[in-house]
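Next come the chains, spelled out residue by residue.
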Amino acid sequence: MTEAYERLGELVTILLMAIALGMDALSLGVGIGMKGVRRKDAFRIGTMVALFHVLMPLLGIAAGQYVGALLGSLARYVAGGLLFLLGTHMIVSSVKGSGVQSINHRTWLGVLLFSLSVSIDSFSVGVSLGMFQGDWLLTVLAFGFFGGIMSLVGLAMGRGVGRSLGDYGEAAGGAILLAFGLLFIF
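Let us look at the structure shown here. Everything numeric in this text was worked out from a predicted model, so none of it was measured. Counting restarts for each chain, with residues numbered from 1 along the sequence as it is written. In keeping with the model being predicted, local features are shown solely for residues with a pLDDT of at least 70 and side-chain atom pairs are shown and tallied solely at 80 or more, while totals for entire chains, interfaces and linings include all residues. Where side-chain values are given, they derive from all heavy atoms of the structure, hydrogens and water being excluded.

Here we come to the nonpolar core. In this text, buried Ala, Val, Leu, Ile, Met, Phe, Trp, Tyr and Cys residues form a nonpolar core when linked through side-chain atoms within 4.5 Å. Whether a residue is buried, partly exposed or exposed follows from its accessible area with a 1.4 Å probe, protein chains only, as a fraction of its type maximum: under 20%, in between, or over 50%, in that order. Core analysis: the biggest nonpolar cluster contains 23 residues, and M17, L83, V125, L129, F143 and L177 have the highest contact counts within it. To qualify as a helix, a DSSP run of H or I must reach at least 4 residues; to qualify as a strand, a run of E must reach at least 2; elements of each kind are numbered from the N terminus. Counting residues per element, the ones that place at least two in this core are α1 (2-33), α2 (39-71), α3 (75-96), α4 (108-130), α5 (136-158) and α6 (164-185). Contacts are residue-level and defined by heavy atoms, with any inter-residue pair within 4.5 Å sufficient. Those residues within four positions of V125 in sequence are excluded, and the remaining contacts are M17, L21, L83, L86, F143 and L177. M56, V111, F114 and L155 belong to the second largest nonpolar core, which has 14 residues in total.

With axes taken as lines fitted to C-alpha atoms, and helix axes fitted only over the stretch in contact, angles between N-to-C directions fall between 0 and 180 degrees. Relative to each other, α2 and α4 sit at 30 degrees, their axes nearing to 6 Å. Considering only the axes of α2 and α4, their crossing is right-handed. Grouping the constituent residues of the contact of α2 with α4 by class yields 18 nonpolar, nine polar and one charged. A clockwise turn of the near helix away from the far one marks a right-handed crossing, whereas an anticlockwise turn of less than a right angle marks a left-handed crossing. Note on residue categories: nonpolar means Ala, Val, Leu, Ile, Met, Phe, Trp, Tyr, Cys or Pro, charged means Asp, Glu, Lys or Arg, and polar means any other residue, Gly included.

Moving on, we come to the pattern of salt bridges. Pairing between side chains of opposite charge can happen when their charged atoms approach one another. By definition here, a salt bridge exists when the distance from a side-chain nitrogen of Lys or Arg to a carboxyl oxygen of Asp or Glu is within 4 Å. By the definition in use, this model includes four salt bridges. With its nearest N and O atoms 3.3 Å apart, the salt bridge here joins D41 to R38. Given a relative accessible area of 1%, D41 falls into the buried group. Put simply, R7, E10 and D135 are held in one network by salt bridges that share partners.

What follows covers the packing of α4 against α5. Relative to each other, α4 and α5 sit at 165 degrees, their axes nearing to 12 Å. As summarised for this structure, α4 and α5 are arranged roughly antiparallel, according to the angle between their axes. Crossing geometry of α4 relative to α5 is assigned as right-handed. Here V125, L129 and G130 of α4 come into contact with α5, specifically with W136, T139 and F143. Here the residues of the contact of α4 with α5 sort into four nonpolar, two polar and no charged. The cut-offs work like this: below 35 degrees is roughly parallel, past 145 is roughly antiparallel, 65 to 115 is roughly perpendicular, and the gaps in between are oblique.

Here the focus is the environment of R39. Residue position: R39 is located in helix α2. Expressed as a C-alpha distance, the spacing of R39 and A156, which sit 117 residues apart in the sequence, is 9.4 Å.

What follows deals with the side chain of S115. On the secondary structure map, S115 appears in helix α4. Judged by relative accessible area, which is 0%, S115 ranks as buried. Here the side chain of S115 touches V49 through a polar contact of 3.4 Å, landing on its backbone nitrogen. Within the structure, S115 has its side chain in polar contact with the backbone oxygen of V111 (distance 2.8 Å). Every residue in contact with S115, bar those within four places of it in the chain, is listed here: I45, M48, V49 and F52. Polar contact is defined as a pair of N or O atoms within 3.5 Å, subject to the rule that within protein one atom must be able to donate a hydrogen and the other to accept it, and that residues adjacent in sequence are counted only when both atoms are side-chain atoms.

So this is what it looks like as structure tokens:
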């Protein structure tokens, strides 16, 4: 029974992190959606964000496993510190207003830049997670699913909602990552 609770706790943790990372895609999607996005472009953006939300944490996990082997018992504190700093950065940038750059979402380069910009955080989280044992396939698939879906939701919301909601979404995602960072440390 204890193993079932541990597995459920791991699943909830993965889902909360996936949602937190997807908040960045949602908030920037709102900004781009306000410009007007065709369905074809929205699907292409959502697909690329999902792909990058799978690839970036995989790269991060590989780097984290290497760093974790080097750091040994300190890996837990380093991983927690990374999540804490990432969460703090997301909160601060949402308060300061990160200023969405004008990206041409109709070109492949624009879609790649947008996807990379909202997936960089996934790499950092992957580094932290790579220092621990876990279900990496489930983790990266959840990151990809929520990143893609939340970018599509953000694009759709952008048509009728103000930019301030995106800032709150990024701050909420940052708070979740900050909390997990503190849990890892303490």
